[in-house]
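Examination of the molecular architecture
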Amino acid sequence: MGNSSFVRLLSSTANNESVIATIDITTLQASQATIEEKLHAGRQIHAAFVQSGFLLLKGHGLSKELLSSLRNQGESFFGLPAETKARISLSRDTSFRGY
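Cut-off values and rules
Residues numbered from 1 in each chain as written. Predicted model: local features only at pLDDT ≥ 70, side-chain atom pairs only at ≥ 80, totals over all residues. Heavy atoms only, no water. Helix = DSSP H or I, 4+ residues; strand = E, 2+ residues; numbered from the N terminus. Buried < 20%, exposed > 50% of the residue type's maximum accessible area, 1.4 Å probe, protein only. Phe/Tyr/Trp six-rings, centres within 6.5 Å; stacked < 30°, edge-to-face > 60°. Expected span 1.5 Å × (residues − 1). Arc of directions from axis to C-beta. Patch = residues over 30% accessible without salt bridge, like charges linked within 9 Å, V, L, I, M, F, W, Y side chains within 5 Å. Areas by Shrake-Rupley, 256 points an atom, 1.4 Å probe, with all protein chains shown as cover. Salt bridge = Lys/Arg side-chain N within 4 Å of Asp/Glu carboxyl O. pLDDT = per-residue confidence, 0-100. Contact = heavy atoms within 4.5 Å.

**As for the overall build of the chain**
- Along the chain, the regular secondary structure elements total three helices and three strands.
- Looking at the chain as a whole, 13% of its 99 residues are labelled buried.

Encoded structure:
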C-alpha cells in the first residue's frame, strides 16, 4: 500500500495550518489485497479522522462522471433556501439523518 501524502491547506490565520491526509486505496480494490494492506489502510483512515476529521481518498474507482454528479447535487441542495433545508434538520430525525 502506498504511503499517505499530505496536502497543506492554509487556514484563515497565517500561523495556523491544517493537514488533510491523502490515502491511496488502490490496492484495496484488488481481490488479492492482504490483511496487512487492509489493516494499514484502516490505520491510515483512523489516524486521518482522529487528527483532522477529514481525508482525501484516491484510487477509489469512482468515475469522474459520478463525482461530478455528486458535486452538482450537493451544490443544488446547499443552494436551497434555509427554510427548505430546515425541513430535514438533524434535530427532527432520531436516526441522525438530515441537514
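**Here we look at the packing of aromatic side chains**
- One pass over the full model with this rule turns up one aromatic pair.
- Ring plane angle 80° and centroid distance 5.1 Å describe the contact between F77 and F78, whose orientation is recorded as edge-to-face.
- Overall, the relative accessible area of 23% leaves F77 in the partly exposed class.
- Judged by its relative accessible area of 53%, F78 is exposed.

**Observations regarding helix 1 (residues 35–51)**
- With 17 residues, helix 1 should cover 24 Å at 1.5 Å per step; its first-to-last C-alpha distance of 24 Å lies within 8% of that length.
- Along helix 1, the residues classified as buried are A41, Q44 and A48. Buried residues of helix 1, seen end-on, are gathered within an arc of 60° and therefore sit on one face of the element. Of the exposed residues in helix 1, those oriented more than 90 degrees away from the buried face are I35, E36, R43, H46 and V50.
- Positive phi appears at G53, one or two residues downstream of helix 1, with a value of about 85°.

**Thoughts on the environment of Q51**
- Of note, Q51 is situated in helix 1.
- Of the residues examined, Q51 reaches a relative accessible area of 63% and is grouped as exposed.

**A few points about a nonpolar patch on the surface**
- Together, L62, L66, L67 and L70 make up a nonpolar patch on the protein surface, roughly 330 Å² of accessible area in all.
- Considering the arrangement of structural elements, one finds L62 in the loop between strand 3 (55–58) and helix 2 (64–78).
- The class for L62 is partly exposed, based on a relative accessible area of 43%.

**Let's talk about the confidence of the model for the chain**
- Averaged over all residues, the pLDDT of the chain is 80; the fraction at 70 or higher stands at 79%.
- The least confident element of the chain is strand 1 (residues 5–10), whose mean pLDDT is 41; the most confident is helix 2, at 94.
- Ignoring residues within four places in sequence, the model shows residues 1–13, a span with pLDDT below 50, making 35 contacts including any to other chains.

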